[in-house]
Amino acid sequence: MSPTAGGGSTPTDAPAGPAARLGFSKGMVVQELGWDSDTDDDLRVSIEDTIDSDMVDGDYGNVVDVVVLWWRDEDGDLVDGLVDSLTDLVGGGVIWLLTPKVGRANAVDPADITEAAPIAGLALTTTAAVSKDWTATRLVTPKTPA
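This is a predicted model, so every value here is computed, not measured.

**Q** Would you mind going over the overall build of the chain with me for this structure?
**A** Each helix and strand in the chain was counted, giving four helices and five strands. In the chain, the succession of α and β elements from N to C terminus is α-β-α-β-α-β-α-β-β. When each of the 146 residues of the chain is scored for burial, the buried share is 37%. At a minimum sequence separation of 6, the contacts of the chain that also span at least 24 residues come to 70%. Here the chain has roughly 8,300 Å² of accessible surface; of this, 51% comes from carbon and sulfur atoms.

**Q** What's the story with the environment of Lys132 in this structure? I'm lost.
**A** Inspection of the secondary structure puts Lys132 in the loop between strand 4 (123–129) and strand 5 (134–140). Those residues in contact with Lys132 that lie beyond four places of it in its chain are Lys101 and Arg104.

**Q** Is there a simple way to explain the pattern of salt bridges in this structure?
**A** Between side chains of opposite charge, a pair can form as their charged atoms come close. If you walk through the whole model with that rule in mind, you get seven salt bridges. Residue Asp41 pairs with Arg44 through a salt bridge whose shortest N-O separation is 3.9 Å. Of this pair, Asp41 and Arg44 both sit in helix 2 (residues 41–51), three residues apart, which is roughly one turn of that helix. Note that Asp75 and Arg72 form a salt bridge whose closest N and O atoms lie 2.9 Å from each other. Classification of Asp75 as partly exposed rests on a relative accessible area of 31%. By sharing partners, the salt bridges in this structure join Glu32, Asp41 and Arg44 into a single network.

**Q** Is there a simple way to explain the sheet that holds strand 3 (residues 89–100) in this structure?
**A** Within a sheet, each strand pairs with its neighbour through backbone hydrogen bonds, oriented either parallel or antiparallel. Spatially, five strands are ordered 1-2-3-5-4 in an open sheet, and the strand pairing comes out mixed. One side of each edge strand has no neighbouring strand; the edge strands of this open sheet are strand 1 (30–33) and strand 4. Adjacent strand axes in the sheet meet at a mean angle of 20 degrees when their direction is disregarded. Sitting on the sheet, helix 3 (residues 78–85) is in contact with strand 1, strand 2 (64–70), strand 3 and strand 5, with an inclination near 145 degrees to strand 3.

Quick notes on the rules
Residues numbered from 1 in each chain as written. Predicted model: local features only at pLDDT ≥ 70, side-chain atom pairs only at ≥ 80, totals over all residues. Heavy atoms only, no water. Helix = DSSP H or I, 4+ residues; strand = E, 2+ residues; numbered from the N terminus. Buried < 20%, exposed > 50% of the residue type's maximum accessible area, 1.4 Å probe, protein only. Contact = heavy atoms within 4.5 Å. Areas by Shrake-Rupley, 256 points an atom, 1.4 Å probe, with all protein chains shown as cover. Salt bridge = Lys/Arg side-chain N within 4 Å of Asp/Glu carboxyl O. Pairing = 2+ DSSP bridges. Axes fitted to C-alpha atoms, helices over the stretch in contact; angles between N-to-C directions.

None of this, on its own, says anything about what the molecule does.
As structure tokens, this is what we get:
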């Protein structure tokens, strides 16, 4: 028998796609909010392939590990959008705020994200380019001293 019997990691595993690099993994429950015709389908497929499931929508009604929030400048008040995205998020969960890159139509000013996050009770941890047109910003609830 091989030491990797049962599906262990092997050197032949495919290189990590954008979803794996963002910390998504098999079995996670991911809620997608703000989907529209302009969202990046390749990134969406990468996330669903990585979690080995479809993403759930806002009507899911149970806790989720991660929220993917697609947000554009025209979508309204970012603080409200972030607060709404916390509804089903499990304690310690992550929000990936996906916004059009600077210079693209409906781009969100990074200063707006920096300002909105703490008002919504979130801390900004990482920003990464995840596709040709979208940037991902990782938001978490701040750790409280023990």
